[in-house]
Amino acid sequence: MIVGFSALVAVLLLTFLRVPLAFSLLTVSIVAIGIDMGFDTALTMTSMTISEAVFSYELAVVPLFILMGNILSRSGISADLFRAANAWFGHVKGGLALSTMVTCAGFSAVCGSSLATAATMAKVAYPSMKKYGYSDGLAAASIAAGGTLGILIPPSIILMIYGILTQTNIGHLFIAGVIPGLLGLALYMAAIYVVALLKPHSAPRGSKTDINEKLTSLKGIWPFCLLFLLIIGGIYAKIFTATEAAGMGAGFALLIALFQKRISKEGFREIFLESAFISVMLYCVLFGAMLFAKLISFSGLGEGLLGWVQSAGLSSYGLIFAILLVFLLLGCVLDSLAIILICVPLFVPIVVANGFDLVWFGILVVVATEIALITPPIGMNVFVIKATLPNVSFPAIFKGLIPFIGVDILRLIILVLFPSISLGLVYLMQ
């Protein structure tokens, strides 16, 4: 148990010092297992873990969804989505910010990455909001908060990683993320509307469009609708698994890109190279996380933590809130992927021992991680926005995010108290 606890502290310290996460997890795990069980055992366990992961059928879901997201990002679907959303919402109070949020949700549904969503929307939506006189705080904060939907609305890379780490059905996780994701979208839009009412100078109305323009704008979003229905509908109807859905999604995205002729040969080359680079990076991180999970198990740290929790006399929901508080606090100093990979192997045995559903817990973890993406001082989405929009200050972005963080915490409480919101669709499909 001492070895496991020391390894946990070492990983957290190295991650805080910005040592690459894959290197931190792999190195600390190998050294700790070597100290506890011998270095021959550590090397054997490392090679077995990597080989099992490489030949895992479920792990193929990662590069396929990454490829699909990259193809669609380059095809201009984000601009089409924003154009359609703006046509329907742009004329109301805070309409451009509302359009941005709807576009973020739509783009998330075919991208799966929070950072990619935030970076793309900063280029697409921010110029329009500034043109109509939106404040920097609301404009940038809307994009940063909207980007967080990318890790919950399926397909989600973070949900995939959680499913792989906990051996939870990825298809069930995707279905469970739909309603909480839409709830997040609704609460974000409500927050924008309230801000627009209280501070009308921060969110002027956009231009009004007639019904013909509104209907015409919908023509550009058919690829998004097709792929979302294909992936989520196929999984829900049990026509194919999450991995098969990833293959279908990537294949259809490629066909759509070829049909629309928006991507050059050089563009396709860059897409495949970028997808390979991101996939390899995530694979390396996953290898380290899987080895670290075995260390947590073999060292007795998980059992020791479970015994300590049981002796503390916390109620079941008190335990869940305590775990989520740890995620929220760590989110202030660590990035979301690090939190998932380090903490999930630690807390899952406790969650299972108390009879909680791992699909439900996964949704809670992802929502807590969403909040971490926009909280100071290490809000990764905020840093992405700042890098894309250098003229917008950090204080302005964080101040603008206060209403969004508030409704996110409200959503997290609602999801804890009413598990059926997350699990209702999963139960219906079984």
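Quick caveat: nothing in here was measured; it's all calculated off a predicted structure.

### Considering the overall build of the protein chain
Tallying secondary structure elements over the protein chain gives 23 helices and zero strands in all. Computed over the C-alpha atoms, the radius of gyration of the protein chain is 22 Å, within 12% of the 22 Å expected from 2.2 N^0.38 for a compact globule of 430 residues. Its C-alpha atoms give the protein chain principal-axis dimensions of roughly 70 × 45 × 45 Å. Evaluated residue by residue, the protein chain yields a buried proportion of 55% over its 430 residues. If you take every contact in the protein chain between residues at least 6 apart in sequence, the share linking residues at least 24 apart comes to 80%. As displayed, the protein chain has an accessible area near 17,400 Å², and 72% of this comes from carbon and sulfur atoms. If you average the places of the 21 positive and of the 17 negative side-chain charges in the protein chain, the two averages end up 17 Å apart.

### Considering the nonpolar core
Counting 161 residues, the largest nonpolar core has Phe 327, Leu 341, Leu 401 and Phe 404 as the members making the most contacts within it. With near-sequence residues (within four places) excluded, Leu 401 lies in contact with Ala 141, Ala 144, Ala 145, Ile 374 and Val 382.

### Comments concerning the packing of aromatic side chains
Under the defined criterion, the tally for this structure stands at 10 aromatic pairs. Between Phe 356 and Trp 360 the ring centres are 5.3 Å apart and the planes differ by 35 degrees, which places this aromatic pair in the tilted class. Looking at Trp 360, the relative accessible area reads 2%, which means it is buried. With 5.1 Å between their ring centres and 55 degrees between their planes, Phe 383 and Phe 394 make a pair best called tilted. Of the two residues, Phe 383 is situated in helix H21 (residues 380-388) and Phe 394 in helix H22 (residues 394-417); the sequence distance between them amounts to 11 residues. Among the residues examined, Phe 383 registers a relative accessible area of 37% and is labelled partly exposed. A network of ring pairs unites the aromatic residues Tyr 317, Phe 356 and Trp 360 as a single cluster. The ring of Phe 394 has Lys 386 sitting right over it, with the charged end atom 5.7 Å from the ring centre.

### Some details on helix H9 (residues 136-148)
Taking 1.5 Å as the rise per residue, H9 with 13 residues should run 18 Å; its terminal C-alpha atoms sit 19 Å apart, in good agreement. Of all 13 residues making up H9, 12 are buried, and the element is well covered by its neighbours. Along H9, the positions that sit buried rather than exposed are Gly 137, Leu 138, Ala 139, Ala 140, Ala 141, Ser 142, Ile 143, Ala 144, Ala 145, Gly 146, Gly 147 and Thr 148.

### Remarks on unusual backbone geometry
Each neighbour pair has its own omega, and for Pro 154 with Pro 155 the value is -5 degrees, a cis peptide bond. By the element assignment, Pro 155 lies in the loop between H9 and helix H10 (157-166). For Gln 167, which is not glycine, the phi torsion reads 60 degrees and is therefore positive. Here Gln 167 lies in the loop between H10 and helix H11 (170-176). According to the relative accessible area criterion, Gln 167 is exposed, its value standing at 70%. Of note, Lys 238 is a non-glycine position whose phi angle comes to about 60 degrees, a positive value. Structurally, Lys 238 is set in the loop between helix H14 (222-236) and helix H15 (242-260).

### Some remarks on empty space enclosed by the protein
Counted by the stated rule, this structure contains one cavity of 30 Å³ or more. Each pocket or cavity is described by its volume, and for the largest cavity that value is around 40 Å³. As for the largest cavity, its lining consists of Leu 72, Ser 75, Gly 76, Ile 77, Asp 80, Pro 223, Ile 256, Gln 260 and Arg 262. Within the residue set of the lining of the largest cavity, elements represented by two or more residues are helix H5 (77-89) and H15. In terms of residue class, the lining of the largest cavity is made up of four nonpolar, three polar and two charged.

### A word on the pattern of salt bridges
When their charged atoms lie close together, side chains carrying opposite charge are able to pair. Within this structure, the stated rule accounts for eight salt bridges. Across the pair Asp 80 and Arg 83 runs a salt bridge whose closest N-O atoms are separated by 2.8 Å. Taken together, the positions of Asp 80 and Arg 83, both in helix H5 and three residues apart, correspond to about one turn of that helix. Residue Asp 80 is classed as buried on the basis of its relative accessible area, which comes to 7%. Each of the salt bridges in this network shares a partner with another, and the network as a whole consists of Arg 74, Glu 270 and Glu 274.

### A look at the confidence of the model for the protein chain
With 98% of its residues at a pLDDT of 70 or more, the protein chain has an overall mean of 85. Within the protein chain, the lowest mean pLDDT, 72, falls on helix H17 (residues 301-312), and the highest, 93, falls on H22.

### A look at the layout of surface pockets
Space left empty within the atom packing is revealed by a probe, the size of a water molecule, rolled over the atoms. Considered as a void within the structure, the largest pocket measures approximately 940 Å³ in volume. If you go around the largest pocket, you meet 32 residues; those closest to its centre are Ser 113, Leu 115, Ile 278, Met 281 and Leu 282. Contributions of two or more residues to the lining of the largest pocket are made by helix H4 (61-74), helix H7 (114-124), H10, helix H16 (265-299) and helix H19 (336-353). The class makeup of the residues in the lining of the largest pocket is 19 nonpolar, nine polar and four charged. A volume near 560 Å³ is recorded for the second largest pocket. Of all the secondary-structure elements, those providing two or more residues to the lining of the second largest pocket are helix H3 (39-54), H10, H16, H17 and H19. Looking at which element gives the most residues to the lining of the second largest pocket, the answer is H16, with five residues.

### Brief notes about the environment of Arg 74
Checked against the element boundaries, Arg 74 lands in helix H4. Classification of Arg 74 as partly exposed rests on a relative accessible area of 35%. Between the alpha carbons of Arg 74 and Arg 262 there is a distance of 8.1 Å; along the sequence they are 188 residues apart. The residues contacting Arg 74, other than those within four sequence positions of it, are Ile 263, Gly 267, Glu 270, Ile 271 and Glu 274. In terms of polar contacts, Arg 74 uses its side chain to reach the side chain of Glu 270, at 3.1 Å. A distance of 3.5 Å separates a polar atom in the side chain of Arg 74 from a polar atom in the side chain of Glu 274.

Analysis parameters
- Residues numbered from 1 in each chain as written.
- Predicted model: local features only at pLDDT ≥ 70, side-chain atom pairs only at ≥ 80, totals over all residues.
- Heavy atoms only, no water.
- Helix = DSSP H or I, 4+ residues; strand = E, 2+ residues; numbered from the N terminus.
- Rg over C-alpha atoms; globule rule 2.2 N^0.38 Å.
- Buried < 20%, exposed > 50% of the residue type's maximum accessible area, 1.4 Å probe, protein only.
- Contact = heavy atoms within 4.5 Å.
- Areas by Shrake-Rupley, 256 points an atom, 1.4 Å probe, with all protein chains shown as cover.
- Lys, Arg positive; Asp, Glu negative; His and termini not counted.
- Charge placed at Lys NZ, Arg CZ, Asp CG, Glu CD.
- Core = buried A, V, L, I, M, F, W, Y, C linked by side-chain atoms within 4.5 Å.
- Phe/Tyr/Trp six-rings, centres within 6.5 Å; stacked < 30°, edge-to-face > 60°.
- Lys NZ or Arg CZ within 6 Å of the ring centre and 35° of its normal.
- Expected span 1.5 Å × (residues − 1).
- 1 Å grid on protein atoms, 1.4 Å probe; cavity = no way out; pocket = protein on both sides within 12 Å on 5 of 7 lines; lining within 4 Å.
- Points joined across faces, edges and corners; volume = space filled by probe spheres on them.
- Nonpolar A, V, L, I, M, F, W, Y, C, P; charged D, E, K, R; others polar.
- Salt bridge = Lys/Arg side-chain N within 4 Å of Asp/Glu carboxyl O.
- pLDDT = per-residue confidence, 0-100.
- Polar contact = N/O pair within 3.5 Å; in protein donor to acceptor, adjacent residues only side chain to side chain.

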